[in-house]
Amino acid sequence: MTAQQRLARLARLVPAGSAQAARTPFVLLIVLLLGSGLLALLLLNASLNKGSFKLSKLEKETEELTDRQQALQQEVDGYSAPDHLEDRARELGLVPGGNPVFLRPDGTVLGTPGGGEAGEAGAGQVGP
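Treat the numbers as computed from the prediction; the structure is a model and nothing was measured.

About the cut-offs
Residues numbered from 1 in each chain as written. Predicted model: local features only at pLDDT ≥ 70, side-chain atom pairs only at ≥ 80, totals over all residues. Heavy atoms only, no water. UniProt positions renumbered as here; feature names shortened; annotations may be inferred. Helix = DSSP H or I, 4+ residues; strand = E, 2+ residues; numbered from the N terminus. Salt bridge = Lys/Arg side-chain N within 4 Å of Asp/Glu carboxyl O. Buried < 20%, exposed > 50% of the residue type's maximum accessible area, 1.4 Å probe, protein only. Contact = heavy atoms within 4.5 Å.

Those places that UniProt annotates as "transmembrane region" (unreviewed entry) correspond, in this numbering, to residues 26–48. Between the C-alpha atoms that bound residues 26–48 the distance is 33 Å, and the span itself is 100% helix and 0% strand.

This is the structure:
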């Protein structure tokens, strides 16, 4: 087979027609792919911006709640301070306790009972 015969045979395999017509679908496909990619990128960017705004809002809310928690913790610490507890106990009529007295397992008393500062009646009575 000669080169001319091969060339003629290959020429029959190539479709006859305009090369411009074969390029049009390819060009449209490329334009469609680029356009859809651009649209997807735009939607992704909008979604990221929305998430960024939400994140900023949540960070601000977290900061406000942290400040509020610290203020409440300071208030609780103030109420649990020893001097405040003593003042509040005196307002309620409580008095400091005296010397403690312990009972041994055999029933004997260890220590000397003492009354509170207000001298409440019956505080010093301990049986053997």
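Continuing now.
By the definition in use, this model includes two salt bridges. Linking glutamate 86 and arginine 90 is a salt bridge whose minimum nitrogen-to-oxygen distance equals 3.2 Å. Within this pair, glutamate 86 and its partner arginine 90 are both found in helix H3 (residues 82–91), separated by four residues, close to a single helical turn. Arginine 90 sits in the partly exposed class, given a relative accessible area of 41%.

Position of asparagine 99 relative to the elements: it lies in the loop between H3 and strand E1 (102–103). Judged by relative accessible area, which is 55%, asparagine 99 ranks as exposed. Placed 12 residues apart in sequence, asparagine 99 and glycine 111 show a C-alpha to C-alpha distance of 7.7 Å. In this structure, asparagine 99 is in contact with Thr112, Pro113 and Gly114, ignoring residues within four places of it in sequence.

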